[in-house]
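Each chain, written out:
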Amino acid sequence: MANLNKALAINVKGEFFVDSTCIDCDACRQIAPEVFADFEGYSYVYSQPENEKQRRKALQALISCPVGAIGMIGNRYLVSSVIDDFPILIEDDVFYCGFNSEKSFGANSYFVKNQDENWLIDSPRFVSHLVERFEAMGGISYIFLSHRDDVADAGKFALHFGAKVIIHRQDGYGVNYAQVIIEGDQPVEISSDFVVIPTPGHTSGHCVLLYKNKFLFTGDHIWWDRKNKCLYAGRDVCWYSWDKQIESTRKLLNFNFEWVLPGHGQRIKLPIDVMKREIENLIKRMGKV
Ligand code: SF4
Ligand SMILES: [Fe+2]
């Protein structure tokens, strides 16, 4: 729980604050960009909510913060009334789970309520609210793990729902409960709607997941840079090979998608042709870093 005594001095005074335990995972800035911004390795409140919609989003961020660094003065009862918002619909049958886990450095996770089988993409905290909601939505058949950093509570979800866990062999050590092991660098069609695309770079076994040629779940491979309004890949968080990461990004030009849904950073929806252009521009920029 956030501690007012540790509140960052930079917060604008008022209802919400961020304290010094923030790990800069970006989740709050994704959920409530009207309230939270980044400054020197932290998030802070740069503008207090001005209406109910903004207050609700700030509360969603408070619930999703992996380390409980977001606090609220008064009206704590409002928090429980917002929990029911999760998982939050993004588009069609794709949801953002919330409840980001510190074990995955606060990475975003997603849920797909597909007509044939439901998927969890990376893992939120194993909390009773999400478990009950996933049960009510038909359970989980597959859990896709983009890479070793974002495993979090996947094992608990797999055990509870009898889900098959998917991970690349190169990142699979320590995930001994995985049942679908991706090998090599060729795309693997798990079903007609879901294709796993190996994208080594950030880690050697990093993969992204393409759903219905529309949604690309990108883990820590690429994300949208909300300040510069372009796609981005982080060389400073590239643990394996930058050259491979460039190659993996080029591979994405072979696929069509409108959405980039990352583990960290801004999600983005663009028309397919614009997205391809953005990927091409990103590859050029990556070559110069
Ligand atoms: S969600 Fe929490 S840990 Fe993540 S950036 Fe915001 S305040 Fe920091
Ligand atoms: Fe990572």
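The rules behind the values
Residues numbered from 1 in each chain as written. Chains lettered and ligands numbered in written order. Predicted model: local features only at pLDDT ≥ 70, side-chain atom pairs only at ≥ 80, totals over all residues. Heavy atoms only, no water. Helix = DSSP H or I, 4+ residues; strand = E, 2+ residues; numbered from the N terminus. Rg over C-alpha atoms; globule rule 2.2 N^0.38 Å. Buried < 20%, exposed > 50% of the residue type's maximum accessible area, 1.4 Å probe, protein only. Contact = heavy atoms within 4.5 Å. Near = heavy atom within 4 Å. Nonpolar A, V, L, I, M, F, W, Y, C, P; charged D, E, K, R; others polar. Donors = N, O, S within 2.8 Å, 3.2 Å for Na, K, Ca; no water. Tetrahedral: all angles 85-135°; square planar, octahedral: opposite > 155°, others 65-115°. Axes fitted to C-alpha atoms, helices over the stretch in contact; angles between N-to-C directions. Parallel < 35°, antiparallel > 145°, perpendicular 65-115°, else oblique. Left-handed = near helix turned anticlockwise from the far one by under 90°. Phe/Tyr/Trp six-rings, centres within 6.5 Å; stacked < 30°, edge-to-face > 60°. Lys NZ or Arg CZ within 6 Å of the ring centre and 35° of its normal. Core = buried A, V, L, I, M, F, W, Y, C linked by side-chain atoms within 4.5 Å. Domains from an automatic or database assignment. Pairing = 2+ DSSP bridges. Right-handed = clockwise from strand over helix to strand, strands pointing away. UniProt positions renumbered as here; feature names shortened; annotations may be inferred. Expected span 1.5 Å × (residues − 1). Polar contact = N/O pair within 3.5 Å; in protein donor to acceptor, adjacent residues only side chain to side chain.

## Brief notes about the overall build of the protein
Then, number 1: Across its full length, the protein carries 7 helices and 19 strands.
Then, number 2: Against the globule reference of 19 Å for 289 residues, the protein gives a C-alpha radius of gyration of 19 Å, in line with a compact fold.
Then, number 3: Out of the 289 residues in the protein, the part that is buried amounts to 59%.
Then, number 4: Intrachain contacts of the protein at a sequence separation of at least 6 include 56% that bridge at least 24 residues.

## Observations regarding the site of ligand 1
Then, number 1: Around ligand 1, 13 residues are found, and the nearest of them are C22, C25, C28, S43 and C65.
Then, number 2: Here the shell around ligand 1 is composed, by residue class, of 10 nonpolar, 1 polar and 2 charged.

## Description of the coordination of the iron ion (ligand 2)
Then, number 1: H147 (NE2), D149 (OD), H202 (NE2) and D220 (OD) make up the full set of protein donors to the iron ion (ligand 2), lying at 2.1 to 2.2 Å.
Then, number 2: Every donor counted, the 4 donor atoms about the iron ion (ligand 2) form angles of 91 to 166 degrees at the centre, which fits irregular coordination.
Then, number 3: Residue classification places D220 among the buried residues on the basis of a relative accessible area of 8%.

## Thoughts on the packing of helix α4 (residues 128-136) against helix α5 (residues 154-161)
Then, number 1: At a closest axis distance of 12 Å, the pairing of α4 and α5 adopts a crossing angle of 40 degrees. As summarised for this structure, α4 and α5 are arranged oblique, according to the angle between their axes. Where α4 crosses over α5, the handedness of that crossing is right-handed. Across the interface between the two elements, V131, F134 and E135 of α4 pack against F157, H160 and F161 of α5.
Then, number 2: By residue class, the composition of the contact of α4 with α5 is 4 nonpolar, 1 polar and 1 charged.

## Notes on the packing of aromatic side chains
Aromatic ring pairs are defined here through the distance separating the ring centres and the angle between the ring planes.
Then, number 1: A full pass over the atoms with the stated rule returns 16 aromatic pairs.
Then, number 2: Among the aromatic residues, ring-to-ring pairing joins F95, F111, F126, F134, F157 and F161 into one connected group.
Then, number 3: Residue placement shows R267 over the ring face of Y96; its charged tip is 5.4 Å from the ring centre.

## Here's the deal with the nonpolar core
Then, number 1: Among the nonpolar cores identified, the biggest contains 69 residues, and F36, I70, W119, F134, I140, I143 and F217 are the most heavily contacted of them.
Then, number 2: Among the elements that take part in this core, helix α2 (residues 52-64) stands out by supplying 5 residues, more than any other.
Then, number 3: In terms of domain composition, this core takes at least three residues from each of domain 1 (4-83) and domain 2 (88-288).
Then, number 4: Within the second largest apolar cluster, 23 residues are counted, among which are I197, F257, V260 and M275.

## Quick word on the packing of helix α6 (residues 242-251) against helix α7 (residues 272-288)
Then, number 1: Two elements in contact, α6 and α7, have axes separated by 10 Å at closest approach and are oriented at 165 degrees. As the angle between them shows, α6 and α7 are arranged roughly antiparallel. Read as a crossing pair, α6 and α7 show a hand that is left-handed. Where α6 approaches α7, its residues W242, Q245, I246, T249 and R250 are matched on the opposing element by I279, L282, I283, M286 and G287.
Then, number 2: Of the residues assigned to the contact of α6 with α7, the class counts are 6 nonpolar, 3 polar and 1 charged.

## Examining the sheet that holds strand β12 (residues 188-191)
Then, number 1: Taken in spatial order, the 6 strands line up as β12-β13-β14-β15-β18-β19 in an open sheet, and their pairing is mixed. What marks the edges here is a single partner per strand, and that holds for β12 and β19 (268-269).

## Side note on the pairing of strand β10 (residues 164-168)
Then, number 1: Counting buried positions along β10 gives 4 out of 5 residues, so the element sits mostly inside the fold.
Then, number 2: Pairing between strand β9 (residues 142-144) and β10: 3 bridges, direction parallel. Bridge assignment links F144 to a residue of β10, and that residue is I166.
Then, number 3: In this fold, the crossover linking β9 to β10 by way of α5 has right-handed handedness.
Then, number 4: Judged from the 3 bridges that link them, β10 and strand β11 (residues 180-182) form a sheet pairing that is parallel. Residue pairing in the sheet places I167 in a bridge with I181 of β11.

## Some thoughts on the UniProt feature "domain: Metallo-beta-lactamase" (unreviewed entry) in the protein
Then, number 1: Residues annotated by UniProt as "domain: Metallo-beta-lactamase" (unreviewed entry) correspond here to residues 106-264.
Then, number 2: Secondary structure across residues 106-264 comprises 17% helix and 30% strand; the distance between its end C-alpha atoms is 8 Å.

## Digging into α2
Then, number 1: Taking 1.5 Å as the rise per residue, α2 with 13 residues should run 18 Å; its terminal C-alpha atoms sit 18 Å apart, in good agreement.
Then, number 2: Among the residues of α2, Q54, R55, A58, L59, Q60, A61, L62, I63 and S64 are the ones counted as buried.
Then, number 3: The opening residue of α2 is N51, an N-cap whose side-chain oxygen sits 3.2 Å from the backbone nitrogen of K53.

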